[in-house]
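The lines below spell out each chain.
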Amino acid sequence: MNRTIKSALISVFYKDGLEPVVRKLHDQGVTLYSTGGTQTFIEQAGIPCVAVESVTGYPSILGGRVKTLHPKVFGGILARRDFEGDQKHVAEYEIPLFDLVIVDLYPFEETVKQTTDEKTIIEKIDIGGVSLIRAAGKNFNDVCIVASRDQYASLLELLEKQNGETSLGDRRHFAAAAFAECAHYDVAIADYFNQSNKEKHFQLSYGDKHSLRYGENPHQHASFYGDLEALFEKLNGKELSYNNLVDVDAACQIISEFSRPAFAIIKHTNVCGIAERDNVTHAWEAALAGDPESAFGGVLITNQEINADVAAKINELFFEILIAPSYEEGALAILKSKKNRNILMQKKPFFAAKEYKRILNGVLVQDADTQNFAGWKEVGARSSSAVEHGDLLFANIVCKHLKSNAIAIVKDKQLVGKGCGQTSRIDALRQAVGKSKQFGFTLTGAVMASDAFFPFDDCVRLANDSGITAVIHPGGSVRDNDSINFCKEHDMAMVLTDMRHFRH
């Protein structure tokens, strides 16, 4: 059923884009009702407006906390046009009917980002706005609700095309969007208060929907919800795909672990090349040398500025995405030579606090794996040397970012062999040793990290046969002593961390 808009209640925080809407409503003979700053805005545009206070008989009170919470306002929204009892009350109490409600919400999320002052934050919890939106959404049969400035353009188009009329489908569409706005808003508030994580409900809401070309595979539909512009400035390239975003997330997580110049190459969320050096060029060369075959089509990331020298070297490789905190102008000129190549400038480091995964008919939630070791127990034939110690720290971090079962072989702060996603630990080690041999690395003096304990001594035996002199793993196997004793008998250092790093 179509409804002609004859009166509109307008009260918004964000007024950008509002003037064309109110001007069109005025041109169509709609009576406008408003209050506070919105009323002033409308009147300054030269458009007549009825003050809500003249309807309710009450001024805005409590410092603006109470403005529209009144039976005459809510009656005008909730009154059912085709229900005789409602219309009797409308006439008896002289309630004006509202056909259109344009109301948004105080910027609670933005305020939380800008300040830690609780009084300021609490004052941005909207009461009247949410109530008005819900009321208008509930009565979508008769009332059209616009709850976000993002919908002003759609509303204006509708007013022009339909000459001030709304269909039931239009009103239901706007109501759905309005309830989504309220739900997102309430989750943000609940999240602010739920700092102890003791609530029994899982609540998560992200705005800013971005439809992607497809999902993990072309036949899967996909969207991303979130504000990528808060993390990156895109300097070149096409729209990021689902798989791109997954790899970018993995890249940002691993690079956040390093403070010295480092470069990493990511493929299907696994790091296939990474190195720490004295400058960005050397870091890139060492990272690429670790597995130049897998680097093809990968996601590259560094914690250093990209200069023209390293850009020229990177430009020789086909890659999907390059991420860095800054770029020299000469470097950008080189890297932008291919228009589809994504060049991202990372504005700030990314640290995930929580991880979520859909499982069966529910959701798994866990703390992100932000730690590296709980202890450092030297249990081998000797303590690790200074060089081994540094490499063990590096290898332990890298291994944490590989899919289980995982092994990382490191020499001189360079990943020289990795095995990941294997169903047995010895297979992961065989894969890692094979990779190192494929690219000509000598493992004499290298170190090995494992994401979990060694169930048997076969891994340390193969490590020793390959020239590896130190290993690091969590420990915890009932047969730990088998591996420990082998290391003691073969002059190998072994460190137990008491912290497992499974990654599935």
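The structure we're discussing is the one just above.
Given the structure is predicted, the values throughout are model-derived calculations rather than measurements.

1. Topic: the overall build of the protein
Link 1 in the chain: Helix and strand content of the protein: 18 helices and 23 strands.
Link 2 in the chain: Projected onto its principal axes, the C-alpha positions of the protein cover 95 × 50 × 45 Å.
Link 3 in the chain: For the protein, buried positions account for 47% of its 504 residues.
Link 4 in the chain: In the protein, 56% of the contacts between residues at least 6 apart in sequence involve partners at least 24 apart.
Link 5 in the chain: Summed over its atoms, the accessible surface of the protein is roughly 24,800 Å², and 50% of this surface lies on carbon and sulfur atoms.
Link 6 in the chain: Computed over 55 positive and 65 negative side-chain charges, the separation of the two mean positions in the protein equals 3 Å.

2. Digging into the packing of helix α16 (residues 425–438) against helix α17 (residues 458–466)
Link 1 in the chain: Where α16 meets α17, the axes come as close as 9 Å, and the angle between the chain directions of the two elements is 15°. Considering their axes alone, α16 and α17 lie roughly parallel with respect to each other. As α16 packs across α17, the resulting crossing turns out to be right-handed. Contact residues: α16 offers Arg 425, Ile 426, Leu 429, Arg 430 and Val 433, while α17 offers Asp 458, Cys 459, Leu 462, Ala 463 and Ser 466.

3. What to know about empty space enclosed by the protein
Link 1 in the chain: Scanning the entire structure with this criterion turns up 1 cavity of 30 Å³ or more.
Link 2 in the chain: Here the largest cavity defines a volume of roughly 40 Å³.
Link 3 in the chain: Ala 250, Ile 254, Ile 266, Thr 269, Asn 270, Val 271, His 401 and Arg 503 are the residues that line the largest cavity.
Link 4 in the chain: Among the elements of the structure, α11 (242–255) and β12 (270–276) are those that each provide at least two residues to the lining of the largest cavity.
Link 5 in the chain: Among the residues forming the lining of the largest cavity, the class breakdown is 4 nonpolar, 3 polar and 1 charged.

4. Observations regarding a negative patch on the surface
Link 1 in the chain: Judged by side-chain charge, Glu 109, Glu 110, Asp 150, Glu 181, Asp 208, Asp 227 and Glu 229 come together as a negatively charged surface patch.
Link 2 in the chain: Tracing the backbone through its elements, the reader meets Asp 150 in the loop between β6 (144–146) and α9 (152–161).

5. A word on the environment of Glu 157
Link 1 in the chain: Examined against the element boundaries, Glu 157 turns out to sit in helix α9.
Link 2 in the chain: Once the C-alpha coordinates of Glu 157 and Glu 355 are considered, the two residues, 198 residues apart in sequence, prove to be 41 Å apart.

6. Focus: the pairing of β12
Link 1 in the chain: Burial within β12 is extensive, with 7 of its 7 residues counted as buried.
Link 2 in the chain: Counted between consecutive antiparallel strands, the loop separating strand β11 (residues 262–267) from β12 contains 2 residues, among which His 268 sits at a positive phi close to 50°.

7. Structural notes on the side chain of Thr 111
Link 1 in the chain: Position of Thr 111 among the secondary structure elements: in helix α6 (residues 108–114).
Link 2 in the chain: On the basis of relative accessibility, which here comes to 7%, the residue Thr 111 falls in the buried class.
Link 3 in the chain: Excluding residues that lie within four positions of it along the chain, Thr 111 makes contacts with Thr 120, Ile 121 and Lys 124.

8. Some points on the sheet that holds β6
Link 1 in the chain: Here we have 5 strands laid out as an open sheet, ordered β4-β3-β2-β5-β6, and parallel in their pairing. Two strands lie at the open edges of the sheet, namely β4 (50–51) and β6, each paired on one side alone.

9. A word on the sheet that holds strand β14 (residues 321–324)
In a beta sheet, neighbouring strands pair by backbone hydrogen bonds and run either parallel or antiparallel.
Link 1 in the chain: Read across the open sheet, the 6 strands follow the order β10-β15-β14-β13-β11-β12; overall the sheet is mixed. Only two strands of the sheet have a single partner each, and these edge strands are β10 (232–236) and β12. With direction set aside, neighbouring strand axes in the sheet form an average angle of 20°.
Link 2 in the chain: With 4 bridges connecting them, β11 and strand β13 (residues 299–302) associate as antiparallel partners. Across the sheet, Phe 263 pairs through a bridge with Thr 302, a residue of β13.

Each value, and the rule that gives it
Note on numbering: residues in each chain are counted from 1, in written sequence order. Two thresholds apply to this predicted model, a pLDDT of at least 70 for residue-level local features and 80 or more for giving and counting side-chain atom pairs, whereas whole-chain, interface and lining totals are computed over all residues. Water and hydrogen atoms were dropped before computing side-chain values, which therefore reflect all heavy atoms in the structure. Strands here mean DSSP runs of E at least two residues long; helices mean DSSP runs of H or I at least four residues long; both are numbered from the N terminus. For the exposure calls, accessible area comes from a 1.4 Å probe over protein chains only, and a residue counts as buried if that area is under 20% of its type's maximum, exposed if over 50%, partly exposed in between. We call two residues in contact when some of their heavy atoms are within 4.5 Å. To be clear on the numbers: accessible area is Shrake-Rupley with a 1.4 Å probe, and residue cover counts the displayed protein chains and nothing else. Under the counting rule used here, the positive set is Lys and Arg, the negative set is Asp and Glu, and His together with the chain ends is not counted. We put the charge of a Lys on NZ, of an Arg on CZ, of an Asp on CG and of a Glu on CD. In this analysis an axis means a line fitted to C-alpha atoms, helices contributing only their contacting stretch, and an angle means the value between N-to-C directions, from 0 to 180 degrees. Oblique is the label for every angle not falling under 35 degrees (roughly parallel), over 145 degrees (roughly antiparallel), or within 65 to 115 degrees (roughly perpendicular). For a crossing to be left-handed, the near helix must be turned anticlockwise from the far one by less than a right angle; the clockwise case is right-handed. Only protein atoms enter the 1 Å grid used here. Points where a 1.4 Å probe fits but cannot escape make up a cavity, open sets with protein on both sides within 12 Å along at least five of seven lines make up a pocket, and a residue lines them when an atom lies within 4 Å of a point. Grid points are joined across faces, edges and corners, and a volume is the space filled by probe spheres set on the points. Residue polarity follows a fixed list, in which Ala, Val, Leu, Ile, Met, Phe, Trp, Tyr, Cys and Pro are nonpolar, Asp, Glu, Lys and Arg are charged, and the others, Gly among them, are polar. Exposure above 30% relative accessible area and no salt bridge define the residues that can form patches, which grow by joining like charges within 9 Å and nonpolar side chains of Val, Leu, Ile, Met, Phe, Trp and Tyr within 5 Å. Think of a salt bridge as a Lys or Arg side-chain nitrogen and an Asp or Glu carboxyl oxygen that are within 4 Å of each other. Pairing between strands is defined by DSSP: at least two bridges between them are needed.

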